[in-house]
Structure formats: C-alpha cells, structure tokens
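The residues making up each chain are set out below.
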Amino acid sequence: MYRNPVLPLIKTTSVETFTSDFGLKFRRLINPIYRHVLQLAISSKVHIVERYPLKKRTSYIFAATHSCIKNVIVNMAYIDRSSYMLVGTTDQIDHNPQMYAAWLNGIIYVNRMDPNSRKVSLDKMERVLRSGSSVTIFPEGGWNNSENLLVQPLFASPWLLAQRTGCEIVPIALRHEYRAKDIYIKFGAPMNFAGIEKNVALKTLRDALATMAYDLMEEYGTPLKRSDLGEDCRIDFMEERKNEYLLTKWSQDNWDEELTFYHDKKLPPSPLQVRASFDNVELTVHNALVIAPILKELEEDRKYDFTTYMHDNWQK
C-alpha cells in the first residue's frame, strides 16, 4: 500500500512548527499563481453565482458547505487570497499523493475524534489568522450525507476563532451534482459575530449557509419526476453518495472518522439512539409484544444508516 513519505508528519506538529513564518509569507506570495493553476486543473466548469467584495490584505474565516469530492480544490482555487484549509481526513493524509497539492496551498490537520487535536487545530488557525492569512473550515465536520438537511449542525470552530481574533466569517455554499459538468459556488457577505453568543451565532451562520444552498439547489438542481426514482430511493441515494466518495481512492475502512458530524450533548437522544439501547435486550415470550416492534425499527435504522452502509459496501 502506498504511503505518503513526508506529509503524515503534519499530524504531530505543534502550533509553532506546523508552518514557518516564511511558509506563511511564501504561500501568500504564490497564491495568485497557484489559484490560477488549480482553476486550470478543475475538469468541471465552475460558475461564481455571487461573490461579495472582500477587503484586501484582510484575514477572513471562510466557512464552507461540504458535500462532494471537488469542494476542496474549488475552494482553494476560487477563494481570492491565501487561506489555510482545516483537513480532518487521516486516510487521505497518509495515502493520497494529491494531498501534497493541498499542503502547498496550506493545510492544518485535525483528528476530529480527538478533543486535544481539535484544541490544537484552533491554536494553529489563530496563528494563521494573526499572520495576515485566512483559514477555510468545513464546519459541518464531514460531508453532508443527509437526505433532508440542507446543512448539518455546525461545530463551533468558526465562532471560537471569530471571538479570539475578531475576524469576520464568510459563508460559502457549493453545489455539484454527482458526475455533473457544472459546479456552482456562492460567496455570502462577511458576518461579524463579535460579542454574539455561540448558539445564536452558529444558528445564524447555519441559516445563511442553508439559504445559499437552497438557492443553488432551486436554481441549478436537476428536476426529478417520481418515475425517475427506483424502488428504494433511499438506498439509491446512499449508493450515489458512496460512489462520490470513491472518486478518491481509500485504503481502509475508516468511515467512523470520515462521517463524523456534530452531536449536541444538551439535546435529548434521538429515536435512533434510544432504539439502539435495546441492542442487548433478549427477546422472550414475555417481552416480545413490546420489544419486537422496537427491534424491527432498529433494523430499519441500520439499513438506512450511511456509516453502516459504507462499512458494508465501500469495496463492492
């Protein structure tokens, strides 16, 4: 199995050593040329639907939706300044040589499963912002694989950075249907959350991203008829999502990390979590009337759980 010879070292670098002052300045210097090269490398046609003018020589926190393989390169190519990208994909860092192109742009690694790694990544992003460069975050955590949510619940990192640095947050929404030739991207107006409470700020940011995503879907989405749908459209949806992931080669089954999303501990458990607690309950003649329907619903949950689907089907 191929392994990147140097890049995995970034997983253990400190705030002081993950990049140098020269590296920060060098990436700002080459960024206009590098963005042009990346734009030429994108096979799809990219349409800038809306772009709010940003201040020159100003650091911003770019908060982008994330749902397809080309999100990364399109954001690197069309954000109009040097912006280090927060990357939380261990498998790709270890094994995908294309990640060196992202490294040249500037990346910050985070292990989403490790609270200390998340804390250190915030310190690294703060250093980048205070240096005069910007950062790009996908605050949903992983890809949005929901059938119903335009935008998943957001992690707090954009708000935390805004409080630490005073930088404004720029929402970005991108739409690219599987194997489509066209990509549509929309840059929203900068949002200032100085002194705004976390939950209020994150709800406002999520609403802005969801509105932009809906506008792109309504304007540029491919209309479907009921006759276009298969016998089980939920399975068809998961299969399409799987195929989107597999446009990049994956070396191992690490979908528990890749498919993470934010869980609010203050909210009551979901029906799925409640039903999962019955996993170890033994079905008997005495409890069958109550337990059997719950176990049947749990089986249905697992059938349509995307992480389970990826565990079972990614190599098929």
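Criteria and thresholds
Residues numbered from 1 in each chain as written. Predicted model: local features only at pLDDT ≥ 70, side-chain atom pairs only at ≥ 80, totals over all residues. Heavy atoms only, no water. Helix = DSSP H or I, 4+ residues; strand = E, 2+ residues; numbered from the N terminus. Buried < 20%, exposed > 50% of the residue type's maximum accessible area, 1.4 Å probe, protein only. Contact = heavy atoms within 4.5 Å. Areas by Shrake-Rupley, 256 points an atom, 1.4 Å probe, with all protein chains shown as cover. Lys, Arg positive; Asp, Glu negative; His and termini not counted. Charge placed at Lys NZ, Arg CZ, Asp CG, Glu CD. Patch = residues over 30% accessible without salt bridge, like charges linked within 9 Å, V, L, I, M, F, W, Y side chains within 5 Å. Salt bridge = Lys/Arg side-chain N within 4 Å of Asp/Glu carboxyl O. Pairing = 2+ DSSP bridges. Axes fitted to C-alpha atoms, helices over the stretch in contact; angles between N-to-C directions. Parallel < 35°, antiparallel > 145°, perpendicular 65-115°, else oblique. Left-handed = near helix turned anticlockwise from the far one by under 90°. Nonpolar A, V, L, I, M, F, W, Y, C, P; charged D, E, K, R; others polar.

A. Here's a closer look at the overall build of the chain. When you go through the chain residue by residue, the secondary structure sums to 12 helices and seven strands. Taking the principal axes of its C-alpha atoms as reference, the chain extends roughly 70 × 45 × 45 Å. A burial count over the chain gives 46% of its 316 residues as buried. For the chain, the proportion of contacts with a sequence separation of at least 24, taken over those separated by at least 6, is 76%. Accessible area of the chain: about 17400 Å², with a carbon and sulfur share of 56%. Within the chain, one finds 40 positive and 39 negative side-chain charges whose respective centroids are separated by 8 Å.

B. A nonpolar patch on the surface, seen in detail. On the surface, Phe22, Phe26, Leu29, Trp103 and Leu104 cluster together to form a nonpolar patch covering roughly 540 Å² of accessible area. At the level of secondary structure, the elements contributing two or more residues to the nonpolar patch comprise helix 1 (21–41) and helix 4 (99–105). The biggest single contributor to the nonpolar patch is helix 1, with three residues. Considering the arrangement of structural elements, one finds Leu104 in helix 4.

C. Representation of the pairing of strand 2 (residues 60–64). With five of its five residues buried, strand 2 lies for the most part within the structure. In strand 2, alternate side chains face the same way, and those of Tyr60, Phe62 and Ala64 on one face and Ile61 and Ala63 on the other are all buried. The pairing of strand 2 with strand 6 (residues 168–175) spans five bridges and is classified as parallel. Looking across to strand 6, one finds that Ile61 is bridged to Ile169.

D. Structural view of the packing of helix 1 against helix 2 (residues 71–78). Viewed as axis vectors pointing N to C, helix 1 and helix 2 meet at an angle of 140 degrees, and their least axial separation amounts to 8 Å. Here helix 2 runs oblique to helix 1, going by the angle between their axes. Along this stretch, helix 1 crosses helix 2, giving a crossing that reads as left-handed. Of the residues in helix 2, those touching helix 1 at Arg35, Leu38 and Gln39 are Ile73, Met76, Ala77 and Tyr78. Across the contact of helix 1 with helix 2, the residue classes break down as five nonpolar, one polar and one charged.

E. Spatial organisation of the sheet that holds strand 1 (residues 45–50). The mixed open sheet is built from seven strands, whose spatial order is 1-7-6-2-5-3-4. Of all strands in the sheet, those bounded by a partner on one side alone are strand 1 and strand 4 (107–109). Between one strand axis and the next, the sheet turns by 25 degrees as a mean value, whatever way the strands run. Where strand 2 lies against strand 5 (residues 134–137), three bridges are found, and the strand directions are parallel. Across the sheet, residue Ala63 finds its bridge partner in strand 5, namely Ile137. Here helix 2 sits on the sheet and contacts strand 1, strand 2, strand 3 (83–87), strand 6 and strand 7 (182–187); the angle it forms with strand 7, its principal contact strand, is near 55 degrees.

F. Inspection of the pairing of strand 5 at higher detail. Judged by which residues are buried, strand 5 turns out to be covered on both faces: Ser134 and Thr136 on one side and Val135 and Ile137 on the other are all buried. With three bridges joining them, strand 3 and strand 5 adopt parallel strand pairing. Within strand 5, the residue paired with Tyr84 across the bridge is Val135.

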